[in-house]
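# Structural characterization, general
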Amino acid sequence: MKKIKLDIVGLSYSQTQSGAYALVLGEVNGRRRLPIIIGSFEAQAIAIEIEKMTPSRPLTHDLFKNFAQAFNINVQEIIIYNLVDGIFYAKLICSDGKKTSEIDARTSDAIAMAVRFECPIYTHEFILSTAGIVIEGNDFVYLENIAEAAEEKPSASSAAAGYTSLSVDELKTKLQDALNEEAYEKAAKIRDELNKRKAS
């Protein structure tokens, strides 16, 4: 089965699940995005490594990396290989130079390891076509609800239409709320509506 390479393109607080984060993977040389809901601990583990911060003591994923390297085991790639009932399944492809092994893992843990071993992340076409979203310009077009408890997302045009009925003060309040929640795409749409009002 053909593998499609993914990059990490975003990590933000989830709008649909309290205490969770949305990790967004992007198709390399493509317009599709794969959002995955992950826990705060895993989000922190991924963010710390991406930002090249050094915790005072090794985190669990750092311990796993140190343990693997002590025995000359390298993680060569991560594959998100299945999607069942909104849950993604992933595996680590590991090698000691002689033998290659596949280790089942939660997707969030697998990606936390991928950033530490600087190895590629892959998925399959059926997963991207089922759970992916397509980028149209700067807007998201949602193909399917992918989070277990996520509400269905409105299209960008219907969301923008909802802002036209609000007053300037209401828009400013919503803009501040969006910024506080780090919902930057939502904030950008509200800002665009405010700018349109100023221009008219």
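Residues numbered from 1 in each chain as written. Predicted model: local features only at pLDDT ≥ 70, side-chain atom pairs only at ≥ 80, totals over all residues. Heavy atoms only, no water.

### Thoughts on the overall build of the chain
Our working rule: Numbering of helices and strands starts at the N terminus; helices are DSSP runs of H or I of at least 4 residues and strands are runs of E of at least 2. Classification of residues uses two cut-offs on accessible area relative to the type maximum, computed with a 1.4 Å probe and protein chains only: under 20% is buried, over 50% is exposed, and between them is partly exposed. Areas reported as accessible are Shrake-Rupley estimates using a 1.4 Å probe. Residue values count occlusion only from the protein chains shown.
A tally of helices and strands in the chain yields seven helices and nine strands. For the chain, buried positions account for 38% of its 200 residues. Taken as a whole, the chain presents about 11,700 Å² of accessible surface, with 50% of it coming from carbon and sulfur.

### A look at the nonpolar core
Convention followed: Here, nonpolar core refers to any group of buried Ala, Val, Leu, Ile, Met, Phe, Trp, Tyr and Cys residues whose side-chain atoms link them within 4.5 Å.
Of all hydrophobic cores here, the largest spans 30 residues; its most connected members are Leu 25, Leu 34, Ile 78, Ile 80, Leu 92 and Ile 121. For this core, the elements supplying multiple residues, two or more each, are strand S1 (3-13), strand S2 (20-27), strand S3 (32-39), helix H1 (40-50), strand S4 (74-84), strand S5 (87-95), helix H3 (107-117) and helix H4 (125-131). Ranked by residues supplied to this core, first place goes to H3 with six residues. Within the second largest apolar cluster, six residues are counted, among which are Tyr 163, Leu 166, Leu 171 and Ile 190.

### Re the pattern of salt bridges
Test applied: The working definition used for a salt bridge is a side-chain nitrogen of Lys or Arg within 4 Å of a carboxyl oxygen of Asp or Glu.
Under the counting rule described, the total for this entry stands at nine salt bridges. Between Arg 106 and Glu 42 there is a salt bridge, and its shortest N-O distance comes to 2.4 Å. Within this pair, whereas Arg 106 is found in strand S6 (residues 100-106), its partner Glu 42 is found in helix H1, the two being separated by 64 residues in sequence. Between Asp 109 and Arg 106 there is a salt bridge, and its shortest N-O distance comes to 2.9 Å.

### Quick notes on helix H2 (residues 60-70)
Test applied: For this quantity, the arc is that covered by the directions from the helix axis to the C-beta atoms. Whether two residues are in contact is decided by their heavy atoms, any of which lying within 4.5 Å being enough.
For H2, the set of buried residues is His 61, Asp 62 and Ala 68. All buried residues of H2 fall inside an arc of 125° around its axis, so they share one side. With respect to the buried face of H2, the exposed residues turned more than 90 degrees away are Thr 60, Leu 63, Phe 67 and Ala 70. Looking at the buried positions of H2, the neighbouring elements they touch are H1 and H3. Asn 72 sits one or two residues past H2 and shows a positive phi near 60°.

### Description of the packing of H1 against H3
To be explicit about the condition: Note on geometry: axes are C-alpha line fits, over the in-contact stretch for helices, and angles between N-to-C directions span 0 to 180 degrees. Each angle gets one of four labels, with under 35 degrees taken as roughly parallel, over 145 as roughly antiparallel, 65 to 115 as roughly perpendicular, and the rest as oblique. Left-handed is the label given to a crossing in which the near helix is rotated counterclockwise from the far helix by less than a right angle, and right-handed is the label when the rotation is clockwise. Each residue is assigned to one of three groups, with Ala, Val, Leu, Ile, Met, Phe, Trp, Tyr, Cys and Pro labelled nonpolar, Asp, Glu, Lys and Arg labelled charged, and all others, Gly among them, labelled polar.
It is the contact of H1 with H3, at a shortest axis distance of 9 Å, that shows an interaxial angle of 10°. The angle between H1 and H3 falls in the class roughly parallel. Remark: the crossing between H1 and H3 carries left-handed chirality. Residues Glu 42, Ala 45, Ile 46, Glu 49 and Ile 50 of H1 touch H3, and the partners they reach there are Ser 108, Asp 109, Ile 111, Ala 112, Val 115 and Arg 116. Split by residue class, the contact of H1 with H3 holds six nonpolar, one polar and four charged.

### Some points on the side chain of Glu 27
Its place among the elements puts Glu 27 in strand S2. Residue Glu 27 is classed as buried on the basis of its relative accessible area of 16%.

### Topic: H3
With eleven of eleven residues buried, H3 lies mostly within the body of the structure. Residues of H3 that are buried include every one of Thr 107, Ser 108, Asp 109, Ala 110, Ile 111, Ala 112, Met 113, Ala 114, Val 115, Arg 116 and Phe 117, and no others. Glu 118 sits one or two residues past H3 and shows a positive phi near 50°.

### Focus: the pairing of strand S7 (residues 121-124)
We apply this condition: Each pair of strands is called paired provided DSSP finds at least two bridges between the two strands.
Here S7 shows a buried face lined by Ile 121 and Thr 123 and a second buried face lined by Tyr 122 and His 124. When S1 meets S7, the two strands line up antiparallel, connected through four bridges. Looking across to S7, one finds that Lys 5 is bridged to Tyr 122. Note: S4 against S7, three bridges, orientation parallel. Paired with Ile 79 across the two strands is Tyr 122, which belongs to S7.

Scope: geometric values only; no functional claims are made or implied.
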